[in-house]
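Chains, contacts and geometry: an overview
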Amino acid sequence: MLYMDGDRMDSKEFSQRLSKLRAAKGVSARDMSLSLGQNENYIRLIEAGKSLPSMQAFFNICEYLKLTPEEFFETGNVNPVHMNTLIRELKHLDARQLELIEALVAELNRK
C-alpha cells in the first residue's frame, strides 16, 4: 500500500492513476519511458502493475507530468495540470472577476 495524507492507494490504483495522467498529457507509454531515460517498456510495466518506480523515479515521473507528488495522489482532481494553470491565472484577477468566475462554476456544477 502507498499512503498519502492518511489515505491509501494500492499498486493497482497507482498504476491506473499513472495511466490516466499520462493519457491526459497525450503521450504514449513508450515516449514517456524514453523521455524519462528508461527502456521503452518502463511505463507500460508500471501501468500493467508489474513494477513500481523507485522514489527518485516517481519524482521524475511527477516532474515529467508537471505535478507534485501530492497532486499525483489526489485522485479527486482528475486534471491537475489544467487545475494548476487555472489557479495561476485566477491569481491575476480582481475581486469582481473572481466573483463572476465563482458564479459561473457554481452554475456549471448545478447542471
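Up top is the structure these notes are about.
The present account deals with the structure reproduced in this document. (Residues numbered from 1 in each chain as written. Predicted model: local features only at pLDDT ≥ 70, side-chain atom pairs only at ≥ 80, totals over all residues. Heavy atoms only, no water.)

**Topic: a nonpolar patch on the surface**
The grouping of L93, L98, I101 and V105 at the surface amounts to a nonpolar patch, some 270 Å² of accessible area in total. Taking relative accessible area as the criterion, L98 reaches 35% and is therefore assigned partly exposed. (Patch = residues over 30% accessible without salt bridge, like charges linked within 9 Å, V, L, I, M, F, W, Y side chains within 5 Å. Areas by Shrake-Rupley, 256 points an atom, 1.4 Å probe, with all protein chains shown as cover. Salt bridge = Lys/Arg side-chain N within 4 Å of Asp/Glu carboxyl O. Buried < 20%, exposed > 50% of the residue type's maximum accessible area, 1.4 Å probe, protein only.)

**Description of the packing of helix α1 (residues 11-25) against helix α4 (residues 55-65)**
Following both chains from N to C, one finds α1 and α4 inclined at 30°, their axes separated by 10 Å at the closest point. The orientation of α1 relative to α4 falls into the category roughly parallel. For the crossing formed where α1 meets α4, the hand is left-handed. When α1 is examined against α4, the residues F14, L18, L21, R22 and K25 are found in contact with a partner set consisting of F58, I61, Y64 and L65. Looking at the contact of α1 with α4 residue by residue, the class counts come to seven nonpolar, no polar and two charged. (Axes fitted to C-alpha atoms, helices over the stretch in contact; angles between N-to-C directions. Helix = DSSP H or I, 4+ residues; strand = E, 2+ residues; numbered from the N terminus. Parallel < 35°, antiparallel > 145°, perpendicular 65-115°, else oblique. Left-handed = near helix turned anticlockwise from the far one by under 90°. Contact = heavy atoms within 4.5 Å. Nonpolar A, V, L, I, M, F, W, Y, C, P; charged D, E, K, R; others polar.)

**Focus: the packing of aromatic side chains**
For the structure shown, the criterion picks out seven aromatic pairs. Ring geometry for F58 versus F59: centroids 6.1 Å apart, planes at 45°, classification tilted. An angle of 75° between the planes, with centres 5.4 Å apart, marks the rings of F72 and F73 as edge-to-face. Each of the two residues, F72 as well as F73, counts as buried. Chaining the aromatic ring pairs together yields one cluster made of F14, F58, F59, F72 and F73. A cation over an aromatic ring shows up here: K25 above the ring of Y64, its NZ or CZ 5.1 Å from the ring centre. (Phe/Tyr/Trp six-rings, centres within 6.5 Å; stacked < 30°, edge-to-face > 60°. Lys NZ or Arg CZ within 6 Å of the ring centre and 35° of its normal.)

**Examining the nonpolar core**
The nonpolar side chains of a soluble globular protein tend to be buried with one another. Membership of the largest hydrophobic core comes to 20 residues, with the highest contact counts inside it found for L18, M32, I43, I61, L65 and F72. Where this core is concerned, the elements lending two or more residues are α1, α2 (29-35), α3 (42-47), α4 and α5 (69-73). It is α4 that contributes the most residues to this core, six residues altogether. (Core = buried A, V, L, I, M, F, W, Y, C linked by side-chain atoms within 4.5 Å.)

**Observations regarding unusual backbone geometry**
Residues other than glycine seldom take positive phi values, yet K66 does so here, at roughly 65°. Mapped onto the fold, K66 is located in the loop between α4 and α5. Of the residues examined, K66 reaches a relative accessible area of 57% and is grouped as exposed.

Purely geometric stuff here, so don't read any function into it on its own.
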